[in-house]
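Descriptive analysis of the structure
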Amino acid sequence: MMQFEEQIVIAAPPEKVFTLYKNVTTWSSWDPDVKTSSIEGSFSSGASGSLQPSSGPKAKIKFTEVMPNRSFTVETKLPLCVMRFEHELTSLPSGTSAKHRITFQGLLSAFFGRVIGYQIRKGLPNTLQGLKRAAEHQS
């Protein structure tokens, strides 16, 4: 297994940040590493959709766990590997701590962690900065 994460403090309540997560089709407005994203049905556990990174092919995604205003997890399958994106929100007196964690699990996790993970890890701070800007400036 290979894993990495980043976190940021956002001066907005978890409900406001979670609204940005729920609006899957607009992820690209705050995440520079997302070209397009979609969901079939509601933002809930078991839903599926797709995501095309700004550099890479479109992938099918599955929303494996959604806990309103707290967290959600998305998985995509790679050959002999599962790539998991976990998003956690923790309420703070000053707003919200947002943590994004990427995990590669399976026989080829080390390979995909190096090949794909490097790019994702490099972009995580920008993604979280974009989320922070969007949540703090949302009306």
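Refer to the structure printed above.
Owing to the predicted nature of the structure, the values given are computational and were not obtained by experimental measurement.

Reading guide: rules and limits
Residues numbered from 1 in each chain as written. Predicted model: local features only at pLDDT ≥ 70, side-chain atom pairs only at ≥ 80, totals over all residues. Heavy atoms only, no water. Helix = DSSP H or I, 4+ residues; strand = E, 2+ residues; numbered from the N terminus. Rg over C-alpha atoms; globule rule 2.2 N^0.38 Å. Buried < 20%, exposed > 50% of the residue type's maximum accessible area, 1.4 Å probe, protein only. Areas by Shrake-Rupley, 256 points an atom, 1.4 Å probe, with all protein chains shown as cover. Lys, Arg positive; Asp, Glu negative; His and termini not counted. Charge placed at Lys NZ, Arg CZ, Asp CG, Glu CD. Patch = residues over 30% accessible without salt bridge, like charges linked within 9 Å, V, L, I, M, F, W, Y side chains within 5 Å. Salt bridge = Lys/Arg side-chain N within 4 Å of Asp/Glu carboxyl O. Phe/Tyr/Trp six-rings, centres within 6.5 Å; stacked < 30°, edge-to-face > 60°. Core = buried A, V, L, I, M, F, W, Y, C linked by side-chain atoms within 4.5 Å. Contact = heavy atoms within 4.5 Å. Pairing = 2+ DSSP bridges. Axes fitted to C-alpha atoms, helices over the stretch in contact; angles between N-to-C directions.

**Regarding the overall build of the protein chain**
Secondary structure assignment for the protein chain yields 4 helices and 7 strands. Going from the N terminus to the C terminus, the protein chain shows its helices and strands as β-α-α-β-β-β-β-β-β-α-α. Against the compact-globule benchmark of 14 Å for 139 residues, the protein chain has a radius of gyration of 14 Å, which places it among compact chains. With respect to the three principal axes, the spread of C-alpha positions in the protein chain is 40 × 30 × 25 Å. Split into buried and exposed, the 139 residues of the protein chain put 40% on the buried side. For the protein chain, the computed accessible surface area is about 7,500 Å², with 54% contributed by carbon and sulfur atoms. Taking the average place of the 16 positive charges on the side chains of the protein chain and the average place of its 11 negative ones, the gap between the two points comes to 4 Å.

**A word on a nonpolar patch on the surface**
Judged by side-chain polarity, L80, L107, L108, F111 and V115 come together as a nonpolar surface patch covering roughly 500 Å² of accessible area. For L108, the position within the fold is in the loop between β7 (95-105) and α3 (109-115).

**Section: the packing of aromatic side chains**
Scanning all chains against the criterion turns up 11 aromatic pairs. Summarising the aromatic geometry, the rings of F18 and Y21 are spaced 6.2 Å apart at their centres and angled 85° between planes, so their arrangement reads as edge-to-face. Within this pair, F18 and its partner Y21 are both found in helix α1 (residues 14-22), separated by 3 residues, close to a single helical turn. Taken together through their ring pairs, the aromatic side chains of F18, Y21, W27, W30, F43, F63 and F72 make up a single cluster.

**Some details on the nonpolar core**
Counting residues in each nonpolar core, the largest one holds 24 residues, and the members touching the most others are Y21, W27, F43, F63 and L131. Of all the elements in the fold, those that place two or more residues in this core are β1 (2-10), α1, α2 (27-30), β4 (59-67), β5 (71-78) and α4 (117-137). Per-element tally for this core: the top contributor is α1, with 4 residues. In this structure Y21 touches W27, W30, F43, F72, H87, L89, A98, H100 and L131, once residues within four positions along its chain are discounted.

**A few points about the pattern of salt bridges**
Counted under the stated rule, the structure contains 6 salt bridges. A salt bridge links E5 to K99, with the shortest nitrogen-to-oxygen separation between them at 3.8 Å. A residue pair is termed long-range when its members are at least 10 positions apart, and E5 in strand β1 and K99 in strand β7 qualify at 94 residues. Overall, E5 belongs to the partly exposed group, its relative accessible area being 36%. A salt bridge links E136 to K132, with the shortest nitrogen-to-oxygen separation between them at 2.9 Å. Pair noted here: E136 and K132 are both in helix α4, with a separation of 4 residues, about one helical turn.

**A few points about the sheet that holds strand β3 (residues 48-53)**
A sheet is described by the order of its strands in space; here 7 strands give the open sequence β1-β7-β6-β5-β4-β3-β2, paired in antiparallel fashion. Taken across any chain shown, the strands that pair with only one partner, and hence form the sheet edges, are β1 and β2 (34-40). For this sheet the average axis-to-axis angle between neighbouring strands, irrespective of direction, equals 20°. Relative to β7, β1 runs antiparallel, the two being bridged by 9 bridges. Considered in β7, the bridge of F4 is made with I102. Strand contacts of α1: β1, β4, β5, β6 (81-92) and β7, with the helix running at about 155° to β6, the strand carrying the most contacts. Strands in contact with α4 are β1, β6 and β7; relative to β1, the strand with the most contacts, it is inclined by about 20°.

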